[in-house]
Amino acid sequence: MMRNKSIVSITTIASTMETFVLESMAYMQSKGWNITLMCNTNQHLIDRIPKGMQYVHIPMERSFSIGKAIKCTWQLIKEFRKRKPAMVQYGTTQAALFGSVAAWITHVPIRIHLQWGIYNYREMGLVGKFYWFVEWLTCKLSTDIRPVSCKNLQIAINERLFKNGKGKVLGKGGTVGVDLSKYPLDKKSEYRNEIRRRFELDDSAYVFGFVGRISRDKGNGELLEAFKDIENGKNMVLLLLGPDEGTIDPALMEWAKHNPKVVFAGRIEHEDIPKCLSAMDAMVHPTYREGFGMVLQEAMAMEVPIITTNIPGPSEVIEENVSGILVPSHDSKTLTEAMLDFYNNKEKYAQFGKNGRIRVEQFFNRPTMIENIYCDKEELYARINKNESQIKS
């Protein structure tokens, strides 16, 4: 008797489920799969879950506690025993740890670790050793690993998190890609004017933009230092979109907040990202660590050229010297030179933006990536039935 096509998908928080998982699970449901979502749900997510798709609230949080770990893992064990899914997939640190332990205990046939990023354990001291162990254990208890990119796959193998052959990158990497219908180039001029009016940006100014957490590990210290070095006497603006986590040097932030050329726009709704990107002439993303870089794909979708760091993930999203350029992380001097080159060669880098859109259409458009996810699940499901048939024979 064939096992039902059923999968449980787990993330720690609701926003991750909605952004990176929900649409692929909806597609699988349309193909006949039984889907259950498990995370720390909220009403925003619940309102968007398709009819017939099940969900379970698991009170996970980003902060770790032993008591919460035991409680959530036990709840997952009970859910798996009741539902008997063919496979379970889990992404984000706590969801992956609790989900892999519970799925292993309950003998779920296929246990998939969505490895969306890896810490630089060697730079984290004793804390790094703990995080390495958590990641190693998650990989050990999983039957299959899906690293977010080829470079992340190689790092995981080099770090001895799992052996070669257990991991597989889908397509060119990434999670679910970009829904290009929400990034219409025919409205770019309209969006550009709207956002520049909203934030009172000079229509003729060259706008460098950043989208994400304003924090040390996103490279915002280096970004502000670079902009400080080049902005004097030039018609340029730095537009920063995202919440301030308070980890940047206070003196540097004080300078930035009193400089009219630096605009802190705060947190924005995801629906407004295409509009905000349209107001930018270049995206600067000097992050220290990244899974793959959804915001880079989104910038490319709106034909925005990119400066980012030469690290796993971002260096695989762009094509160097075609859709963007790479600089070392932690290096404000090289970043300064790159930003100045963009400013002085506007037409050259505008073409990089057009090249980026083509790359997204080829490799990172959502239908292609969701189809990759679906085909992968079908292959894993076929493996279950093949293994069970061999056992019976």
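Before reading on, note that the structure itself is shown above.
What comes next is a walk through the structure. (Residues numbered from 1 in each chain as written. Predicted model: local features only at pLDDT ≥ 70, side-chain atom pairs only at ≥ 80, totals over all residues. Heavy atoms only, no water.)

Observations regarding the overall build of the chain
Using the following cut-off: Under the DSSP-based scheme used, a helix requires at least four consecutive residues in state H or I and a strand at least two consecutive residues in state E, with every element numbered from the N terminus. In this description the radius of gyration comes from C-alpha coordinates, and the expected globular size is given by 2.2 Å times residues to the power 0.38. Classification of residues uses two cut-offs on accessible area relative to the type maximum, computed with a 1.4 Å probe and protein chains only: under 20% is buried, over 50% is exposed, and between them is partly exposed. Contacts are assigned to residue pairs that have any heavy atoms within 4.5 Å of one another. In this count, Lys and Arg are taken as positive residues and Asp and Glu as negative ones, while His and the chain termini are left out. Note on charges: their place is set at NZ of Lys, CZ of Arg, CG of Asp or CD of Glu.
Counting its secondary structure elements, the chain contains 16 helices and 12 strands. Expected size for 393 residues packed as a compact globule is a radius of gyration near 21 Å; at 22 Å, the chain falls within 12% of this value. Principal-axis analysis of the C-alpha atoms gives the chain an extent of 75 × 45 × 40 Å. For the chain, the proportion of its 393 residues judged to be buried stands at 54%. Of the contacts formed within the chain by residues at least 6 apart in sequence, a portion of 70% connects residues at least 24 apart. Side-chain charges of the chain comprise 52 positive and 45 negative groups, with the mean position of each set lying 9 Å from the other.

Notes on the sheet that holds strand β8 (residues 236–241)
Filter applied, for reference: Two strands make a pair as long as DSSP finds a minimum of two bridges between them. Every angle, taken between N-to-C directions, lies between 0 and 180 degrees, and every axis is a line fitted to C-alpha atoms, over only the stretch in contact when it is a helix.
Overall, parallel pairing links the six strands, which are arranged β9-β8-β7-β10-β11-β12 in an open sheet. At either margin of the open sheet sits one strand with a lone partner, and together these are β9 (262–266) and β12 (324–327). In this sheet, neighbouring strand axes are inclined to one another by 25 degrees on average, regardless of whether the strands run parallel or antiparallel. Note that strand β7 (residues 206–211) and β8 share six bridges and pair parallel. Bridge pairing links F210 to L240 in β8.

Thoughts on the pattern of salt bridges
The line we're drawing: When a carboxyl oxygen of Asp or Glu is within 4 Å of a side-chain nitrogen of Lys or Arg, the pair counts as a salt bridge.
In the structure shown here, the tally under the stated rule is 23 salt bridges. Measuring nitrogen to oxygen at the nearest pair gives 3.2 Å for the salt bridge that ties E159 to R122. Of this pair, E159 sits in the loop between α7 (150–158) and α8 (188–198) while R122 is found in the loop between β5 (110–115) and α6 (125–141), placing the two residues 37 residues apart along the sequence. Relative accessible area serves as the criterion here: at 14%, E159 is assigned to the buried category. In this structure, the salt-bridge partner of D376 is R146, at a minimum N-O distance of 2.9 Å. In this pair, D376 is assigned in helix α16 (residues 366–392) and R146 in strand β6 (residues 144–147), connecting sequence segments 230 residues apart. Judged by its relative accessible area of 2%, D376 is buried.

Some points on the packing of helix α9 (residues 220–230) against helix α14 (residues 332–344)
To keep things clear, this is the line we draw: Here is the rule for angles: anything less than 35 degrees is roughly parallel, anything more than 145 is roughly antiparallel, 65 through 115 is roughly perpendicular, and the remaining ranges are oblique. By convention, the crossing between two helices is left-handed when the near helix turns anticlockwise from the far helix through less than a right angle, and right-handed when the turn is clockwise.
Viewed as axis vectors pointing N to C, α9 and α14 meet at an angle of 55 degrees, and their least axial separation amounts to 8 Å. Regarding the angle of α9 to α14, the classification is oblique. Crossing hand, α9 versus α14: right-handed. For the pair formed by α9 and α14, the contact residues are E222, L223, E225, A226, F227, D229 and I230 on the first element and S332, L335, T336, M339 and L340 on the second.

Details of the nonpolar core
Our working rule: By nonpolar core we mean a set of buried residues, namely Ala, Val, Leu, Ile, Met, Phe, Trp, Tyr and Cys, connected to one another through side-chain atoms within 4.5 Å.
If you look at the biggest cluster of nonpolar residues, it comprises 65 residues, and the most contacted ones within it are M87, L239, L277 and M283. Look past the residues within four positions of L239 in its chain and what remains in contact with it is F199, L201, V207, F208, G209, F210, V263, A265 and M280. L252, I325, F342 and Y343 belong to the second-largest nonpolar core, a separate cluster that totals 29 residues.

Description of the pairing of strand β4 (residues 87–91)
Worth spelling out the cut-off: Look down the strands so they point away from you; if the path from the first strand over the helix to the second goes clockwise, the crossover is right-handed.
Along β4, five of the five residues are buried, which leaves the element largely enclosed by surrounding structure. Residues M87, Q89 and G91 point to one face of β4 and V88 and Y90 to the other, with burial holding for every one of them. Direction of pairing for strand β1 (residues 6–13) relative to β4: parallel, over a ladder of four bridges. Looking across to β4, one finds that I10 is bridged to Y90. Relative to β5, β4 runs parallel, the two being bridged by five bridges. Considered in β5, the bridge of V88 is made with R111. Handedness of the crossover joining β4 and β5 through helix α5 (residues 93–105) is recorded here as right-handed.

In short, the description is geometric, and any link to function would need to be established separately.
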